[in-house]
Amino acid sequence: MLIDWLSLKLPTDNLDFEDVRKWQDRQARVLRVAAGKSTVGVSETGEPLMLIDMHGGIEWETAAWDSVRSDSHQLAFQVTASSIRIQGSPARVLGDGDNVFSCGAAAALDLTGCAIRMISFISQHTGIDLPNGCAVVDWSVTRVDVTENLYLGSLPAVRQALTILRDCEGGRYRVSQQAGDSVYWSHKSRLRSGKAYAKGAELVNKMVQVAKSKIDTPTVIYSLEKLELANSLLRLELKLGAQYWRERSGCKWHEVKPDTLKQEWQSYFARMIGGAEIMSENDIYARLLKVVDVKPNGTPKETQAKAAFSLWCLIKSEGWQKSRDITNKATWYRNLKHLHNAGLSDADISRGNVVQLRQKVLEATPVTSWEELRHVHYLHAA
């Protein structure tokens, strides 16, 4: 497991005014022009990058994001009148820049360590004296991505898992976007959102872009062997957004422990995947009898279990959406709770079938390094 993305923000009140002004003067700007409702870039000298009709006036103007690079590392930063922002993968400034597994603070889920390293990198390459070390507490966090790499054995197995995940709806999950070998849930949410994708396919695409010179020097060049190994990886990524850090974290961001980040990841994806057992219809009913509540009004357990099982049968025959539309809201959520408590996942319920994904993922091996991945892969091949 690793921290794959970190977004930081610091009010400019904490910075030297002259440093801020110099960087504001150097940064390109982005304008929103009322007439054409189009976003227009402006160069560092103030000249438009394209001809535009300014008749409608400027609705807003802001600083563009700058990419700060060394020979093999990069992050993005932005200086506005009110704040400086830094964002990117901590792995890009740790070790050799490999963000498949990373190392150091990113691999240890050490938020403070990642922040200090990213701030130091930007400070070193811009000349802005940014507070870090003990003063890192002056910054705020607006996004953290927590990621796990799971070995599934082959690219077809990864794509089969993604096919099942595309159908996973219900509860907190809403499949909001699909692109190639990726699935997104609630991707616009400022609280939590999820992403599943084939890591190997992403690396291949990145290397193709490099070969075609569509992107600048990458953080790391991956060998053919690593690209082949990565084809067996399913990557599950949880984004904890700004609302989470304002309202749900329960403590200041620099006090969050690695175990908390692990628990957030596990909580998000475990309900989607479910338990390890593959259940028959009789198993489901037997489990329901054990998990339904004993109501104060004395409603028999058998009655509650039958109601929940009836909902399961309705979903199997009519589908998730139609079943929800024709079921009383209170009844729907009560019986869904019983089905979840019986061990069914959101993937099961949304498909109306006990899917094999739970077994694939829970029997999959989490891998944290290329060495581990090689070892697992060759054991699997044998």
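Attention in this report is confined to the structure presented alongside it. (Residues numbered from 1 in each chain as written. Predicted model: local features only at pLDDT ≥ 70, side-chain atom pairs only at ≥ 80, totals over all residues. Heavy atoms only, no water.)

### Considerations on the overall build of the chain
Looking only at helices and strands, one finds 15 helices and 13 strands in the chain. Put simply, the chain has 382 residues, and 46% of those count as buried. Within the chain, contacts between residues at least 6 apart in sequence are counted, and of these 68% link residues at least 24 apart. Counting every atom, the chain has about 18,500 Å² of accessible surface; 50% of that belongs to carbon and sulfur. (Helix = DSSP H or I, 4+ residues; strand = E, 2+ residues; numbered from the N terminus. Buried < 20%, exposed > 50% of the residue type's maximum accessible area, 1.4 Å probe, protein only. Contact = heavy atoms within 4.5 Å. Areas by Shrake-Rupley, 256 points an atom, 1.4 Å probe, with all protein chains shown as cover.)

### Description of the packing of aromatic side chains
The full count for this structure, using the stated rule, is 7 aromatic pairs. When the ring of F101 is compared with that of W370, the centres are 5.1 Å apart and the planes differ by 85 degrees; the resulting orientation is edge-to-face. Of this pair, F101 sits in the loop between β7 (83–88) and α2 (104–107) while W370 sits in helix α15 (residues 370–381); the two residues are 269 residues apart in sequence, bridging distant segments of the chain. Exposure class is identical for F101 and W370. Each is buried. Following the ring pairs from residue to residue traces out a cluster consisting of W185, W265, Y268 and F269. (Phe/Tyr/Trp six-rings, centres within 6.5 Å; stacked < 30°, edge-to-face > 60°.)

### Remarks on helix α3 (residues 111–126)
Between its terminal C-alpha atoms α3 stretches 23 Å, which fits the 22 Å expected from 16 residues at 1.5 Å a residue. Burial in α3 covers these residues: L111, C114, A115, M118, I119, F121, I122, S123 and T126. Put simply, D110 is the residue that caps the front of α3, since its side-chain oxygen is 3.3 Å from the backbone nitrogen of T112. In the stretch just after α3, G127 is the one whose phi turns positive, near 85 degrees. (Expected span 1.5 Å × (residues − 1). Polar contact = N/O pair within 3.5 Å; in protein donor to acceptor, adjacent residues only side chain to side chain.)

### Topic: unusual backbone geometry
Even without glycine at this site, L109 takes up a positive phi of about 55 degrees. In this structure, L109 sits in the loop between α2 and α3. Look at L109 and you get buried, because its relative accessible area is 2%. For S186, which is not a glycine, the phi torsion comes out positive at approximately 50 degrees. Looking at the secondary structure, you find S186 in the loop between β10 (182–185) and β11 (192–198). Note on S186: relative accessible area 18%, which makes it buried.

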